2 protein chains.
Amino acid sequence: MSGRGILFVMTGASGVGKDTIRQASLPAVEGLHYSVSATTRERRVGEVHGEHYWFLDKVTFKGMADRGEFLEHAEYVGDYYGTPTRAVRDALNCGRDVLLELEVSGARQVKKRRPDAIMVFIAPPTLCELERRLRGRGTDAEEKIQKRLARAREELRAVREFDYVVVNDTISTAVKDFIAIIRAERARAHRVTEQEVDLFLREVRA
Amino acid sequence: MSGRGILFVMTGASGVGKDTIRQASLPAVEGLHYSVSATTRERRVGEVHGEHYWFLDKVTFKGMADRGEFLEHAEYVGDYYGTPTRAVRDALNCGRDVLLELEVSGARQVKKRRPDAIMVFIAPPTLCELERRLRGRGTDAEEKIQKRLARAREELRAVREFDYVVVNDTISTAVKDFIAIIRAERARAHRVTEQEVDLFLREVRA
């Protein structure tokens with residue numbers, strides 16, 4: 001129901017389950033294009049270049065940033081993350097809906113440049129539970145965990161700045177919520193075009 | 001995710017399939033209370049008083065209207081329709097979400113009194129198809145059918161005044177859309193309360 005694509009931004013704290021929700025949602029949503037981010041952080045076991053992230057070295061990343069080739073980019077706990085602009089713009093112009101998965105600072109930059117972006121914040125049921133998940137993941141040193149928790153605390157206080165909040169308590173419920181948001185946004189009345197109204201009005205002429 | 005209930009209003013032309021969508025959706029949505037309308041129109045075969053409508057005579061209806069006991073009421077093709085206020089208000093105050101199913105004129109009255117109501121317009125794929133459904137239903141005389149179609153044409157032109165548009169082409173898709181809208185609206189960030197933010201922030205104190 002729209003001539004141009006919708007830009008969805010999924011955001012939330014590290015460890016809250018964004019990856020899992022995205023991976024479970026994408027096969028169930030037709031026509032949603034996931035735009036892969038670039039990062040300078042170290043590749044984790046099982047992660048694939050171009051699928052999970054574009055893993056770039058810092059020199060390459062900074063060059064792209066200097067040439068304005070990112071829709072957003074941010075430093076987060078010592079590493080860089082960014083969204084290459086062109087792929088997003090091209091998909092939206094072709095009428096495809098696009099999903100970005102971003103740290104909160106990056107999500108805020110996108111909202112500034114594209115106020116029409118739909119911002120979905122994934123919240124942990126509690127900070128206590130988020131801490132448990134971060135430790136369970138076993139990828140971060142204690143100092144990084146503390147930094148992530150401090151940041152998560154600030155973000156949760158400001159949760160109402162986003163468009164939607166999905167609480168990731170049980171994953172299946174969070175996935176259903178996320179899919180519902182995509183579906184509902186596609187049905188928003190303000191996206192109905194003149195052409196679609198004309199189609200509704202098609203009738204048998206007497 | 002809200003201290004007070006959400007008021008959903010499903011509307012659209014006669015014959016577009018509102019009843020069918022509602023009946024298929026309600027069992028799949030937890031905690032959504034359908035508020036039965038009152039009407040003076042003739043009861044159809046299979047319709048139950050208090051379940052499909054409160055079937056009132058015109059004198060009773062007008063008495064309630066004069067006493068201001070309707071959230072909205074309207075005359076439509078010679079009959080009266082109205083929503084008793086108290087049941088809606090009580091449910092919302094108890095934090096229950098409420099669904100109304102209304103003719104478009106009634107839906108517009110509700111939106112004026114309750115701008116926070118979420119308006120879902122059910123559209124036929126085309127007017128031509130709506131005409132086919134109205135004739136297939138076999139309940140209306142030719143004159144009523146023509147009046148309904150004329151009104152539907154005007155409503156479809158103004159479809160963007162609503163919050164959501166669900167095209168009832170195949171019923172299963174329309175039902176999925178409607179359920180998604182309920183689910184997504186419950187996840188809107190502006191509905192998150194201070195108490196819920198406090199809950200997010202719960203952590204283990206060192």
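As shown above, the structure is provided for reference.
Residue numbers here run from 1 along each chain, matching the order of that chain's written sequence. All chains are assigned letters beginning at A, and all ligands numbers beginning at 1, according to the order in which they are written. For a predicted model such as this one, the threshold for reporting local features is a pLDDT of at least 70, and the threshold for listing and counting side-chain atom pairs is 80 or more; totals across whole chains, interfaces and linings nevertheless cover every residue. Excluding hydrogens and water, the side-chain figures rest on all heavy atoms present in the structure.

Colleague: Explain the sheet that holds strand E4 (residues 54-55) of chain A to me, and be specific about the residues and the numbers.
Modeller: All names here are of chain A. In spatial order, the strands read E4-E3-E6-E5; together these 4 strands make up an open sheet with mixed pairing. Each end of this open sheet is capped by a strand with a single partner; those strands are E4 and strand E5 (70-76). By the convention used here, strands pair only if DSSP detects at least 2 bridges between them. Put simply, DSSP marks the helices as runs of H or I at least four residues long and the strands as runs of E at least two long, and each gets a number from the N terminus on. Where strand E3 (residues 38-39) lies against strand E6 (residues 79-84), 2 bridges are found, and the strand directions are antiparallel. Considered in E6, the bridge of Thr-39 is made with Tyr-81.

Colleague: Would you mind going over the sheet that holds strand E2 (residues 32-34) of chain B in detail, with residue names and values included?
Modeller: Across a sheet, paired strands are connected by hydrogen bonds in the backbone, their directions being either parallel or antiparallel. Residues and elements named next belong to chain B. In space, the 5 strands of this open sheet follow the order E2-E7-E1-E8-E9, with parallel pairing throughout. Each edge of the sheet is formed by a strand with only one pairing partner; in this case those strands are E2 and strand E9 (164-167). Across the sheet, the mean angle from the axis of one strand to that of its neighbour is 25°, orientation sign disregarded. With 5 bridges joining them, strand E1 (residues 7-12) and strand E7 (residues 97-102) adopt parallel strand pairing. Considered in E7, the bridge of Met-10 is made with Glu-101. Strands E1, E2, E7, strand E8 (118-123) and E9 of the sheet are contacted by helix H7 (residues 171-186), whose axis makes an angle of about 160° with E9. Think of each axis as a best-fit line through the C-alpha atoms, taken over the contacting stretch in the case of a helix, with angles from 0 to 180 degrees between the N-to-C directions. Residues are treated as being in contact if the distance between any of their heavy atoms lies within 4.5 Å.

Colleague: Lay out the pattern of salt bridges with the relevant residues and their values.
Modeller: Opposite charge on two side chains permits pairing when their charged atoms draw close. By definition here, a salt bridge exists when the distance from a side-chain nitrogen of Lys or Arg to a carboxyl oxygen of Asp or Glu is within 4 Å. Here the structure, examined in full by the defined rule, presents 41 salt bridges over all chains. A salt bridge links Glu154(B) to Arg157(B); its shortest N-O distance comes to 3.1 Å. Placement of the pair is Glu154(B) and Arg157(B) together in helix H6 (residues 142-157), with a separation of 3 residues, close to one helical turn. A simple rule labels every residue: compare its accessible area, found with a 1.4 Å probe on the protein chains alone, to the largest value its type can have, and call it buried under 20%, exposed over 50%, or partly exposed in between. What makes Arg157(B) partly exposed here is its relative accessible area of 47%. Counted as one network, the salt bridges with shared partners bring together Glu185(A), Arg188(A), Arg191(A), Glu185(B), Arg188(B) and Arg191(B).

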